[in-house]
Amino acid sequence: ENINVSINNSGDIEPPTQPTNLVANATSSSQISLTWNASSDDVGVLGYRVYREGAQIADVSTTSSYIDSWLTPLTTYTYYVVAYDSSGKVSTQSANASATTQSAPASLVVYYGFNEGSGATVSDGSGLGNTGNISGTITWTTGRVGNGLSFSSGYIAVPNSASLDIAGKNISIA
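Draft legend 1. Spatial organisation of the overall build of the protein. Along its length, the protein carries zero helices and 13 strands. Relative to a compact globule of 174 residues, whose C-alpha radius of gyration would be 16 Å, the protein shows 23 Å and is clearly more extended. Projected onto its principal axes, the C-alpha positions of the protein cover 95 × 35 × 20 Å. A buried classification covers 33% of the 174 residues belonging to the protein. Of the contacts formed within the protein by residues at least 6 apart in sequence, a portion of 51% connects residues at least 24 apart.

Below you can see the structure in the form of structure tokens.
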């Protein structure tokens, strides 16, 4: 009795190499720029997945850089990157890289990144404590970058403070 064996050596056999030399550089109070050395693969690298604090935040094509935006001032973020190929094989993760966003400009009195994703308040990332209180019907949604709010019949009320200096009035954002 004959047994036929077929071996296919034309497919993808290796995952991409590990991305190396990941560098995180805070370029402003709300952005961190990431760069790394490109990976290689026996069939070609299709892209990279970028992770912040262990959660995937981006999927970039073959470029070996990414700018993370809408971050909170004076906050440290830690990143790593993995490469993947067209067969779905994934590299080991890069070494971690961390950076701390710069302080907010002196003229910035309020900054809402909507990082909460749910709840009845929005935290002020300016460092001045101008927390906003959500009133009415507002839906948390995906924004252009990160989280966002969809206003139906609601608004965000921001109480007056010394940093806002709005002569005893409150601010409403709708």
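There's plenty left to go through after this.
Draft legend 2. Just the packing of aromatic side chains, in detail. On inspection of all chains with the given rule, the structure shows four aromatic pairs. Measuring from ring centre to ring centre gives 4.7 Å for Tyr51 and Tyr80, while their planes differ by 10 degrees; the resulting arrangement is stacked. Of this pair, Tyr51 sits in strand E3 (residues 45-52) while Tyr80 sits in strand E6 (residues 76-85); the two residues are 29 residues apart in sequence, bridging distant segments of the chain. The structure contains a cluster of three or more aromatic residues connected by ring pairs, namely Tyr112, Phe114 and Trp140. The residue whose ring lies beneath Arg49 is Tyr84, and the NZ or CZ to ring-centre distance is 4.1 Å.

Draft legend 3. Inspection of the sheet that holds E3 at higher detail. What the four strands build is an open sheet, ordered E4-E3-E6-E7; its pairing is antiparallel. Each of the sheet's edge strands pairs with one partner strand only, and the pair in question is strand E4 (55-60) and strand E7 (97-100). Pairs of neighbouring strands in the sheet enclose a mean axial angle of 30 degrees, with direction left out of account.

Draft legend 4. Region of the structure containing the nonpolar core. If you look at the biggest cluster of nonpolar residues, it comprises 18 residues, and the most contacted ones within it are Ile32, Leu34, Trp36 and Tyr79. Those elements that place two or more of their residues in this core are strand E1 (20-26), strand E2 (32-37), E3, E4, E6 and E7. For this core, the element with the highest residue contribution is E6, accounting for four residues. Ignoring any residue separated from it by four or fewer positions in sequence, one finds Trp36 in contact with Pro19, Thr20, Asn21, Leu22, Tyr48, Val50, Val60, Thr63, Ser64, Ser65, Tyr66 and Val81. Core analysis: the next-biggest nonpolar cluster, separate from the first, contains 10 residues, Tyr112, Ile134, Trp140 and Leu164 among them.

Draft legend 5. Looking closely at the pairing of E1. Alignment of E1 against E2, held across five bridges, turns out to be antiparallel. Note that in E2 the partner of Ala26 across the bridge is Ile32.

What counts, and at which threshold
Residues numbered from 1 in each chain as written. Predicted model: local features only at pLDDT ≥ 70, side-chain atom pairs only at ≥ 80, totals over all residues. Heavy atoms only, no water. Helix = DSSP H or I, 4+ residues; strand = E, 2+ residues; numbered from the N terminus. Rg over C-alpha atoms; globule rule 2.2 N^0.38 Å. Buried < 20%, exposed > 50% of the residue type's maximum accessible area, 1.4 Å probe, protein only. Contact = heavy atoms within 4.5 Å. Phe/Tyr/Trp six-rings, centres within 6.5 Å; stacked < 30°, edge-to-face > 60°. Lys NZ or Arg CZ within 6 Å of the ring centre and 35° of its normal. Pairing = 2+ DSSP bridges. Axes fitted to C-alpha atoms, helices over the stretch in contact; angles between N-to-C directions. Core = buried A, V, L, I, M, F, W, Y, C linked by side-chain atoms within 4.5 Å.

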